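Survey of secondary and tertiary structure
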Amino acid sequence: ACIKETDSFEENINAANLGTAIHDALEEVYQPFVGRAVVESELLAQQKLISEKLLRHFKLQLKTDEDLTGEDLLAFEVAKVYVNRVIQHDVKQLKEGNVITILGLEKELARAVEIPDGNGKFTILVKGKADRIDRLSDGTIRVIDYKTGSFSKRFEIRSKDDFDRSDTDNAFQMLTYLYAVAPELDSDKLTATGFYLRSKDIEKNISVVIDKEKLEV
């Protein structure tokens, strides 16, 4: 039998709660690695506990101790696929010789931005939360956002007009997170990265391209 992934999995657990359960389970999986490199054997050990961890977070969202049934059980099974995709993606990178160091999880972000107007300027506060920040072997720091929705999105920005498109909403969000955290990370190798859990090829990096030349964000 196979599980078909649809836009609506649940009766009682809504899309936001489904995402929260997945995010919380992934946070628990990667918490032991904060401040150090991910070890393949330890990550695989965590993977064996996915059902237990995810079920606990699902029941917290549903506010129940009852066994999952029907649409809630289906949502749980699909969520397991999503969480395992993240782990399998990282294990593949580790097997290829990459080092992944977790710098932070569910990190609150904020940065003040001064906006000029006719009377001078005013300040707004850009805020968000990065699901995960990590550093790769080559020094690249990824500011990662887990996405459980559609991956039919635009990942390359060529002009400011692109942000008026409906399919660049994720890119705008992730670039904003990158902008907010950039001063703290103090690195010239930052990338805004989406992990699209519905896609088997989950990692999508956001790029900004002007006049056919890729610019650093």
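For the structure itself, consult the block above.
Here we summarise the structure given alongside this text. Counting from 1, residues in each chain are numbered in the order their sequence is written. In keeping with the model being predicted, local features are shown solely for residues with a pLDDT of at least 70 and side-chain atom pairs are shown and tallied solely at 80 or more, while totals for entire chains, interfaces and linings include all residues. No hydrogens and no water enter the side-chain calculation; it runs on all heavy atoms of the structure.

1. A word on the sheet that holds strand 5 (residues 190-196)
For the record, the criterion: Pairing between two strands is assigned when DSSP locates at least 2 bridges connecting them. Here a helix means four or more residues in a row that DSSP labels H or I, a strand means two or more in a row labelled E, and each is numbered from the N terminus. The axes are straight lines fitted to the C-alpha atoms, using for helices just the contacting stretch, and the angles between their N-to-C directions are given from 0 to 180°. Contacts are assigned to residue pairs with any non-hydrogen atoms lying within 4.5 Å of each other.
Read across the open sheet, the five strands follow the order 1-2-3-5-6; overall the sheet is mixed. The open sheet has two edge strands with one neighbour each: strand 1 (101-117) and strand 6 (203-205). Strand-to-strand twist of the sheet, defined as the mean angle between neighbouring strand axes without regard to direction, takes the value 40 degrees. Note that strand 5 and strand 6 share three bridges and pair antiparallel. Paired with Thr193 across the strands is Asn205, a residue of strand 6. Docked against the sheet, helix 1 (residues 15-30) engages strand 1, strand 2 (120-135) and strand 3 (141-147), running at close to 120 degrees with respect to strand 1.

2. Some words on the pattern of salt bridges
Put simply, the test is: By definition, a salt bridge exists where a carboxyl oxygen of Asp or Glu is found within 4 Å of a side-chain nitrogen of Lys or Arg. Burial classes: relative accessible area under 20% of the type maximum marks a residue as buried, over 50% as exposed, and values in between as partly exposed (1.4 Å probe, protein chains only).
As enumerated under the stated definition, the model contains 15 salt bridges in all. One salt bridge connects Glu114 with Lys121, and the closest N-O pair in it is separated by 3.0 Å. With a relative accessible area of 56%, Lys121 lands in the exposed category. A salt bridge links Arg142 to Asp134, with the shortest nitrogen-to-oxygen separation between them at 2.7 Å. Its relative accessible area of 0% is what places Asp134 among the buried residues. Through salt bridges with shared partners, one network takes in Asp90, Arg132, Asp134, Arg142 and Glu203.

3. Some remarks on the packing of aromatic side chains
The relative placement of two aromatic rings is captured by the distance of their centres and the angle of their planes. Quick reminder of the rule: Classification of ring pairs rests on two measures: the distance between centres of Phe, Tyr or Trp rings, Trp counted by its six-membered ring, which must be within 6.5 Å, and the angle between planes, read as stacked under 30 degrees, edge-to-face over 60 and tilted in between.
Evaluation of the coordinates by the stated rule reveals three aromatic pairs. Here the aromatic rings of Phe58 and Phe76 are separated by 5.6 Å at their centres, their planes lie at 80 degrees, and the arrangement is edge-to-face. With a gap of 18 residues between them, Phe58 in helix 3 (residues 50-62) and Phe76 in helix 4 (residues 70-95) connect regions that are remote in the sequence. Neither residue differs from the other here; Phe58 and Phe76 are each classed as buried.

4. A few points about the packing of helix 1 against helix 4
Definition in use: For any helix crossing, the convention is left-handed if the near helix is rotated counterclockwise from the far helix by under a right angle, and right-handed if that rotation is clockwise. Under the scheme applied here, ten amino acids are nonpolar (Ala, Val, Leu, Ile, Met, Phe, Trp, Tyr, Cys and Pro), four are charged (Asp, Glu, Lys and Arg), and all others, including Gly, are polar.
Following both chains from N to C, one finds helix 1 and helix 4 inclined at 40 degrees, their axes separated by 10 Å at the closest point. For the crossing formed where helix 1 meets helix 4, the hand is right-handed. From helix 1, Leu18, Ile22, Leu26, Val29 and Tyr30 reach across to helix 4, where they touch Ala75, Ala79, Tyr82, Val83, Val86, Ile87 and Asp90. Residue classes in the contact of helix 1 with helix 4 are distributed as 11 nonpolar, no polar and one charged.

Purely geometric stuff here, so don't read any function into it on its own.
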